[in-house]
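An overview of the molecular structure
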Amino acid sequence: MDPFDAGAGGLLKQPKSVWATAGASVVAFMGIGLVDPILPSIAQGLNATASQVSLLFTSYFLITAVAMLVTGFVSSRFGGKKTLLLGLAFVVVFAGLAGTSGSVGELVGFRAGWGLGNALFVSTALAVIVGAAAGGSAAAILLYESALGLGMACGPLLGALLGDASWRYPFFGTAFLMAVGFLCITVFLKEQPKPARKTSLLDPLKALGHGGLASAAVSAFFYNYTFFTVLAFTPFVLNMTPYKSGAVFFAWGVLLAVFSVIVAPRLQKRFGSLKVLGGSLVLLAADVLVLGYGSHTTAVVCTILSGAFIGVNNTVYTELALGVSDAPRPVASAGYNFVRWFAAAAAPYFAPKIEEWTDIHIPFVVAALTAVAGAVVVVVRRKALTYEAEELEPKHATEDGVTVFAN
């Protein structure tokens, strides 16, 4: 069945509960890139350095990484709807508090609480959408991935539009939108059946004992360092107004969405997942290196272009993580994301520090090297990664799968 078919079970014919969850997912993913265009404004408003402000990402993703061990434990005991609402409540409270911050320390702390809420919500959203969707998983998964791409594209745009008046407004705006999402899910989403087996806190770590899943996680760790160097450090290099920076990252997000949902599956079908992933990582490394040493215009173009490679990588990595081992897919996803999100926490912290220790070009050299390191892991461990990666057609997830911003 064509998931775009407007007939019964098609993308456009989904229950209100699916649309409510997908809409809240858009806002959840918006929160990741929301601060991008206002990072310089936050630094100026709070008299902070770039390295201090970058901790907004570090605290957010550090908590997200640790929370990967908790989300399955919570959702398997309380059910999908209650887990979603708990996550949304955390985001509403801590995003609102972030807007009231009087210091960088307070803002970093509130972003950590926000990260916990986002982890609880995002890790559960796909399973809930698939469970509530009409006509099977194809349209539901497409809707979820479209929400991811739309959120990543619109986050910087919302941050720019509201942040032009004050850096505080994007945080209040996010809190308001997530409160609307909370009400919609409360009204439209019925409680989903609880899993037959409860997930323990150690299950994701045990799943990493599989060589293929561990290899995918290590490669993704290196890749995520590159990804979040672009996302968290580039705004300081571009040094543009919130509007202009928001426009750049909106274009970046559009490419990420298009290449993640449309281009990546076609490339995989033609060339195979591992070849596509290795090639995309090398191209991302080249793009980041040119970004670091090019003119301002070149840096803008390369920032936008990186969205294409990131979109491809996100899709392939998720499918590898969900299909390379025999662990239950929510458990495999949690273990994989537990490893890779630590790099998302490290890059925003180390990139500005490396600039302070050396010069503005070296953080991008390091980012290029980590992307190449990710490709090397794919090549060296290709046999361990081959199981269900090359032989089968790309699959985004199944009814029991959980995708966490990897799309």
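Only a predicted model underlies this, so the values are computations on that prediction, with no experimental measurement involved.

It is worth spelling out the overall build of the chain at this point. Scanning the chain from terminus to terminus reveals 16 helices and zero strands. Across the 407 residues in the chain, those meeting the buried criterion constitute 58%. In the structure as shown, the chain presents an accessible area of about 15,000 Å², 69% of it carried by carbon and sulfur atoms.

Okay, the packing of helix α12 (residues 273–293) against helix α13 (residues 296–323) next. Put simply, α12 and α13 touch, their axes get as near as 9 Å, and they point 155 degrees apart. Considering the angle they form, α12 stands roughly antiparallel to α13. Judged by the sense of rotation from one axis to the other, the crossing of α12 with α13 is left-handed.

As a further point, take the environment of Gly149. Along the polypeptide, Gly149 turns up in helix α7 (residues 137–163). Given the relative accessible area of 1%, Gly149 is considered buried. For the pair Gly149 and Phe259, spaced 110 residues apart in sequence, the C-alpha separation works out to 9.4 Å.

One way to put it is that helix α10 (residues 211–238) packs onto helix α15 (residues 362–380) with a least axis distance of 8 Å and a crossing angle of 160 degrees. Looking at the two axes, α10 sits roughly antiparallel to α15. Between α10 and α15 lies a crossing of left-handed hand. Contacts from Ser215, Val218, Ser219, Phe222, Tyr223, Tyr225, Thr226, Thr229, Phe233, Thr234 and Val237 in α10 reach Pro363, Phe364, Val366, Ala367, Thr370, Ala371, Ala373, Gly374, Val377 and Val378 in α15. Class assignment of the residues belonging to the contact of α10 with α15 gives a composition of 14 nonpolar, seven polar and no charged.

Below, the discussion takes up the confidence of the model for the chain. On average, residues of the chain carry a pLDDT of 82, and 87% of them reach 70 or more. Mean pLDDT across the secondary structure elements of the chain bottoms out at α7, with 75, and peaks at α15, with 97. The low-confidence segment residues 1–9, where pLDDT is below 50, has 21 contacts with residues more than four positions distant or belonging to other chains.

Attention now goes to unusual backbone geometry. For Asn239, which is not glycine, the phi dihedral falls at a positive 50 degrees. Examined against the element boundaries, Asn239 turns out to sit in the loop between α10 and α11 (242–271).

What counts as what
Residues numbered from 1 in each chain as written. Predicted model: local features only at pLDDT ≥ 70, side-chain atom pairs only at ≥ 80, totals over all residues. Heavy atoms only, no water. Helix = DSSP H or I, 4+ residues; strand = E, 2+ residues; numbered from the N terminus. Buried < 20%, exposed > 50% of the residue type's maximum accessible area, 1.4 Å probe, protein only. Areas by Shrake-Rupley, 256 points an atom, 1.4 Å probe, with all protein chains shown as cover. Axes fitted to C-alpha atoms, helices over the stretch in contact; angles between N-to-C directions. Parallel < 35°, antiparallel > 145°, perpendicular 65-115°, else oblique. Left-handed = near helix turned anticlockwise from the far one by under 90°. Contact = heavy atoms within 4.5 Å. Nonpolar A, V, L, I, M, F, W, Y, C, P; charged D, E, K, R; others polar. pLDDT = per-residue confidence, 0-100.

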